[in-house]
Amino acid sequence: MTKINMNKEKLNSIANTLSNSPKGILAADESTNTITKRFDTINVESNNENRRRYRELLFTSENLNKYISGVILYDETVHQTTTDGVYFPQYLKSIGIIPGIKVDTGAVPVEKKSFEKVTEGLDGLQKRLEKYYSQNLEFTKWRAIIDVDKSNDIPSEYSIDLNAHSLSRYAKIVQDYEMVPIVEPEVLMDGAHDIVTCYEITSNVLKKVFEALDKQNVYLGGILLKPNMVISGKKCEQQASVEEVSTMTLKCLNENVPKEVPGIVFLSGGQSNELATQHLNQMNKDSEGTQWNISFSYGRALQQPCLSSWMGNDSNIEKAQKELLKRSKLNSEATSAKYSIEDENSLL
Ligand code: 13P
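These figures come from a predicted structure and were not determined experimentally.

Right, let's get into the packing of helix 6 (residues 125-134) against helix 7 (residues 157-176). At a minimum axis separation of 10 Å, helix 6 and helix 7 run at an interaxial angle of 40 degrees. By the angle class used here, helix 6 and helix 7 are oblique. For helix 6 against helix 7, the interelement crossing comes out right-handed. Touching Leu125, Gln126 and Leu129 of helix 6 are Tyr170, Ile173 and Val174, all from helix 7. Counted by class, the contact of helix 6 with helix 7 contains five nonpolar, one polar and no charged residues.

In structure tokens form, the structure reads like this:
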């Protein structure tokens, strides 16, 4: 067997392990800026030690590995340890959770005064990946942000093309380093647009992303797609039902995502915790016979209740961990359509 085939097997196996029911991914890769905003909501100072304490709380939750296949880390966290002095990536591996890493470096305006953004991080990526690979990280994430403002012709084809190109170049480089790239084009749910608009834009974005991945010769069996759900904008008066979200999202994916992709791991994007779980559950109910694993890679929709229970206080750790476990378990149930809304009250 040639080396290329060996690598393909390895990438496909990691991608499947990460997205296979009953597990999904915990996104804990908030940049320092983002985690600071989250800590502000609970009046906790965002310093290095508090960020370490919070991540330790998350990762040491008992039985997390029953529901969580992988955790996406931020660079700072990779270099931090548990109270016992074990580096977080090693600790996660020791409990059967695959550690991954965000490798984009954030988004900048497409043009000087543009509202639209393109994600950066290709410069020096190979050097960073070499280091991450030696630190036991097995998968990566890159998030492209697509704003929606129809009255101003946003998103422009230009910004979609730029982001699709960066995502595909990133994916190609990451696979060269034998790690699985999570390809995350996020059509934002901020705004008053309706679900049809979200469908049209998400379709166009996914089409362009897969064209770009093809051009870069990315091995589709060794990636995970992390898309937004097709959903009404937050400020849209007519909020689509759970069934509509499921139907429109599956339609959009069926039309645009090649069957070679092992898994779709959704982001939660600002949905309520319960809706993010209900939507995932409904899609798994409606998607019998589809080829991909359909799972989650949630940040806020897993962490929110945990963070608000913690409040920076050690005496709340147990309660906060239970909240994380609860959302992890419910989303795990949703990966095989076994969740029901009554389960919300039966845990804890
Ligand atoms: P949310 O689930 O909070 O959208 O975060 C997922 C993520 O990793 C965004 O890049």
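From this point, the discussion proceeds with the structure in view.
Considering all chains together, one arrives at 20 salt bridges under this definition. Note that glutamate 255 is salt-bridged to lysine 251, the shortest N-O span being 2.8 Å. Here glutamate 255 pairs with lysine 251, and both are found in helix 9 (residues 242-256), just four residues apart, close to one helical turn. Note on lysine 251: relative accessible area 38%, which makes it partly exposed. In this structure, a network of salt bridges that share partners links the residues Asp29, Lys102, Lys141, Arg143, Glu184 and Glu186.

Now for unusual backbone geometry. With the exception of glycine, the majority of residues adopt a negative phi angle, and the majority of peptide bonds are in the trans configuration. For the bond from serine 21 to proline 22, the omega torsion is 15 degrees, close enough to zero to count as cis. In this structure, proline 22 sits in the loop between helix 1 (3-19) and strand 1 (24-27). For asparagine 43, which is not glycine, the phi dihedral falls at a positive 55 degrees. As for its placement among the helices and strands, asparagine 43 is situated in the loop between helix 2 (32-40) and helix 3 (48-59). Although it is not a glycine, asparagine 217 sits at a positive phi angle of roughly 60 degrees.

In the vicinity of the ligand there are 13 residues, among which Lys141, Lys226, Ser268, Gly269 and Arg300 approach most closely. In this structure, an oxygen atom belonging to the ligand sits 2.8 Å away from a main-chain N or O atom of glycine 299. Arginine 300 places a side-chain nitrogen or oxygen 2.7 Å from an oxygen atom of the ligand. Burial of the ligand by the surrounding chains reaches 93%, relative to a free accessible area of 300 Å². Elements represented by at least two residues in the shell around the ligand include exactly strand 6 (139-146) and strand 10 (293-298). Taken together, the residues of the shell around the ligand break down into three nonpolar, four polar and six charged.

Calculation criteria
The numbering scheme is per chain: residues are counted from 1 as the chain's sequence reads. Since the coordinates come from a predicted model, pLDDT governs what is reported: local features require at least 70, and pairs of side-chain atoms require 80 or more to be given and counted, while whole-chain, interface and lining totals use all residues. Calculation of side-chain values draws on the structure's entire complement of heavy atoms; hydrogens and water are dropped beforehand. To obtain an axis, a line is fitted to C-alpha atoms, over the contacting stretch when the element is a helix, and the angle between two such axes runs from 0 to 180 degrees between their N-to-C directions. A run of H or I in DSSP counts as a helix once it spans at least four residues, and a run of E counts as a strand once it spans at least two, with each numbered from the N terminus. Here the angle decides the label: under 35 degrees means roughly parallel, over 145 means roughly antiparallel, 65 to 115 means roughly perpendicular, and every other value means oblique. Each crossing gets its handedness from the near helix: less than a right angle anticlockwise from the far helix is left-handed, clockwise is right-handed. We call two residues in contact whenever any of their non-hydrogen atoms come within 4.5 Å of each other. Three categories are distinguished: nonpolar for Ala, Val, Leu, Ile, Met, Phe, Trp, Tyr, Cys and Pro, charged for Asp, Glu, Lys and Arg, and polar for the others, with Gly belonging to the last. Salt bridges are identified by distance alone: a Lys or Arg side-chain nitrogen within 4 Å of an Asp or Glu carboxyl oxygen. Only protein chains enter the calculation, and the probe is 1.4 Å; a residue is then buried if its accessible area is under 20% of its type maximum, exposed if over 50%, and partly exposed in between. One heavy atom suffices: a residue is near a molecule or strand as soon as one of its heavy atoms comes within 4 Å of it. Each polar contact in these results corresponds to two N or O atoms within 3.5 Å; when the atoms are within protein, one needs to be able to donate a hydrogen and the other to accept it, and residues that are neighboring in sequence are counted only if both atoms are side-chain atoms. Exposure was quantified through the Shrake-Rupley algorithm and a 1.4 Å probe, taking into account, for residues, occlusion by the shown protein chains and nothing else.

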